[in-house]
Amino acid sequence: MTALQMSIITAGAIGLACAALSVFVILRRWAFIGEGIAHAGFGGAGTAWVLSLLLPGVVGLRTEGGIYCIAAIFCLIVAFAIGWLTRREHVYSDTAIGIFLVASIAWGFVGMGAYTQLQNVQPPNWSEYLLGQNSLRSVDVIAALLMCGGVISVMGLMRKEIVAFCFDAQMAEVAGVRVGVVHYVMILLVTVTIVLGMRLMGSLLVAALLVLPGAIGLQVSRKMGVVIAAAVVAGLIGAVAGPLINHHWPFVKEGPAIVLVLVMEFAGAYGWRRMVGGAHPTPL
């Protein structure tokens, strides 16, 4: 399997999972949560760099795999902290997310600065945690396919509960839906897609895959089936276009290419909506 084929398959799997989640992320007003969890990846990388200075004998802390594992754990911790704070609104959700977002970025740069100062070199893989990997491996392809299958399966099994939760959590709870369980399951699904998506797009841009496909779908229609289908198609087009653009123009990294294609899709969907003269969609 060539590098381009691996990138396309990985991007397609991540794009499909993110697009399926995207509609519900938009409906639940969770776009900013995705940003907070995504930016935690850089804070996790900073944690790994600091630990490698404190524990120089642990060689694994300096490897790509070791840094990625710590970044993933850091993202999970931040995600469930945000989930706990927003579940009963101990603080306003945008406030909690904003605090974790800026704290993660700041901590990541502290770790980067400490490593650079003490080792006289920049920390390993620091740019990849911002903008994504230059090349993917077979393990990334397998992980992306397994993640995609898991996310789609869980959403299929809990589709009624998820739809009720995203449209009106209070009414869903009154109707007997275990809203707390659905809340944390959604947080977990969003986190897993972000953690794997960071390999492709980096922590700065991966949240775009959780926002733009759903936004595009909601410009196309208000029928849930059509919205999800449009979001999936848009997400797949953007995800697959990224590796192809990078293959033809190597100076354009896959992450930025995916985001720009999705933005153009959104502009096209918005323009089409205006041209056909349909009712203005509810602001997203």
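Rules behind the numbers
Residues numbered from 1 in each chain as written. Predicted model: local features only at pLDDT ≥ 70, side-chain atom pairs only at ≥ 80, totals over all residues. Heavy atoms only, no water. Helix = DSSP H or I, 4+ residues; strand = E, 2+ residues; numbered from the N terminus. Rg over C-alpha atoms; globule rule 2.2 N^0.38 Å. Core = buried A, V, L, I, M, F, W, Y, C linked by side-chain atoms within 4.5 Å. Buried < 20%, exposed > 50% of the residue type's maximum accessible area, 1.4 Å probe, protein only. Phe/Tyr/Trp six-rings, centres within 6.5 Å; stacked < 30°, edge-to-face > 60°. Axes fitted to C-alpha atoms, helices over the stretch in contact; angles between N-to-C directions. Parallel < 35°, antiparallel > 145°, perpendicular 65-115°, else oblique. Left-handed = near helix turned anticlockwise from the far one by under 90°. Contact = heavy atoms within 4.5 Å. Nonpolar A, V, L, I, M, F, W, Y, C, P; charged D, E, K, R; others polar. 1 Å grid on protein atoms, 1.4 Å probe; cavity = no way out; pocket = protein on both sides within 12 Å on 5 of 7 lines; lining within 4 Å. Points joined across faces, edges and corners; volume = space filled by probe spheres on them. Disulfide = S-S within 2.5 Å. Patch = residues over 30% accessible without salt bridge, like charges linked within 9 Å, V, L, I, M, F, W, Y side chains within 5 Å. Areas by Shrake-Rupley, 256 points an atom, 1.4 Å probe, with all protein chains shown as cover. Salt bridge = Lys/Arg side-chain N within 4 Å of Asp/Glu carboxyl O.

*Asks:* Sorry if this is basic, but what is going on with the overall build of the protein here?
*Replies:* Helix and strand counts for the protein stand at 12 helices and zero strands. Counting from the amino terminus, the protein carries its helices and strands in the arrangement α-α-α-α-α-α-α-α-α-α-α-α. Its C-alpha radius of gyration of 19 Å places the protein within 12% of the 19 Å reference for a compact globule of 284 residues. Dimensions along the principal axes, computed over C-alpha positions, put the protein at roughly 60 × 50 × 30 Å.

*Asks:* Teacher, can you tell me more about the nonpolar core here?
*Replies:* As a rule of thumb, soluble globular proteins bury nonpolar side chains together. By size, the foremost hydrophobic cluster in this structure holds 71 residues, and its most contacted members are Ile-37, Met-155, Ile-162, Phe-165, Met-186 and Ile-194. Here this core takes 12 residues from helix α9 (residues 179-201), the largest share from any one element. Residues Val-23, Ile-26, Val-227 and Ala-231 belong to the second largest nonpolar core, which totals five residues.

*Asks:* How do you make sense of the packing of aromatic side chains when you look at a structure like this?
*Replies:* Scanning all chains against the criterion turns up five aromatic pairs. When the centroid spacing of 6.0 Å and the interplanar angle of 80 degrees are considered together, the rings of Phe-42 and Trp-49 count as edge-to-face. Accessibility expressed as a relative area gives 0% for Trp-49, which makes it buried. Geometrically, the ring pair formed by Phe-266 and Tyr-270 is stacked, given 6.4 Å between the ring centres and 20 degrees between the ring planes. Separated by four residues within a single helix, Phe-266 and Tyr-270 lie in helix α12 (residues 254-276), roughly one turn from each other. Its relative accessible area of 26% is what places Phe-266 among the partly exposed residues.

*Asks:* It is not clear to me how the packing of helix α1 (residues 3-27) against helix α6 (residues 138-157) should be interpreted in this structure. Could you clarify?
*Replies:* Each pair of packed helices can be summarised by the angle the axes make with each other and by the distance between the axes. Between α1 and α6, the shortest axis-to-axis distance is 9 Å and the interhelical angle comes to 25 degrees. Taken together, the axes of α1 and α6 are roughly parallel relative to one another. The two elements α1 and α6 meet at a crossing, and its hand is left-handed. Touching Met-6, Ile-9, Thr-10, Ala-13, Ile-14, Leu-16, Ala-17, Ala-20, Leu-21 and Phe-24 of α1 are Ser-138, Asp-140, Val-141, Ala-144, Leu-145, Met-147, Cys-148, Val-151, Ile-152 and Met-155, all from α6. Looking at the contact of α1 with α6 residue by residue, the class counts come to 17 nonpolar, two polar and one charged.

*Asks:* Hey, could you run me through empty space enclosed by the protein in this one?
*Replies:* Where empty space is left becomes clear once a probe the size of a water molecule has been rolled over the atoms. Under the counting rule described, the total for this entry stands at one cavity of 30 Å³ or more. Taken as a whole, the largest cavity spans an internal volume of roughly 40 Å³. As for the largest cavity, its lining consists of Thr-10, Ile-14, Asp-140, Ala-144, Leu-196 and Arg-199. Elements with a minimum of two residues in the lining of the largest cavity: α1, α6 and α9.

*Asks:* It is not clear to me how the state of the cysteines should be interpreted in this structure. Could you clarify?
*Replies:* A disulfide bridge is the covalent bond that connects two cysteines by way of their sulfur atoms. In this structure the tally under the stated criterion is zero disulfides. In this structure Cys-148 is not part of a disulfide, and its nearest cysteine sulfur, from Cys-18, lies 9.2 Å away. The cysteine Cys-166 is free of any disulfide, with Cys-18 supplying the nearest cysteine sulfur at 15 Å. Residue classification places Cys-166 among the buried residues on the basis of a relative accessible area of 3%.

*Asks:* Is there a simple way to think about the environment of Met-155 in this case?
*Replies:* Examined against the element boundaries, Met-155 turns out to sit in helix α6. As a C-alpha pair, Met-155 and Val-185 span 30 residues in sequence and 9.5 Å in three-dimensional space. In contact with Met-155, other than residues within four places in its own chain, are Ala-20, Leu-21, Phe-24, Ile-162 and Leu-189.

*Asks:* Looking at this structure, I do not really get a nonpolar patch on the surface. What am I missing?
*Replies:* A grouping of Leu-76, Phe-80, Leu-188 and Val-192 is seen on the molecular surface, where their side chains present a nonpolar patch of about 270 Å² in accessible area. Going through the elements one at a time, α3 (64-87) and α9 are the ones with two or more residues in the nonpolar patch. Relative to the elements of secondary structure, Phe-80 occurs in helix α3. You can call Phe-80 partly exposed: its relative accessible area is 32%.

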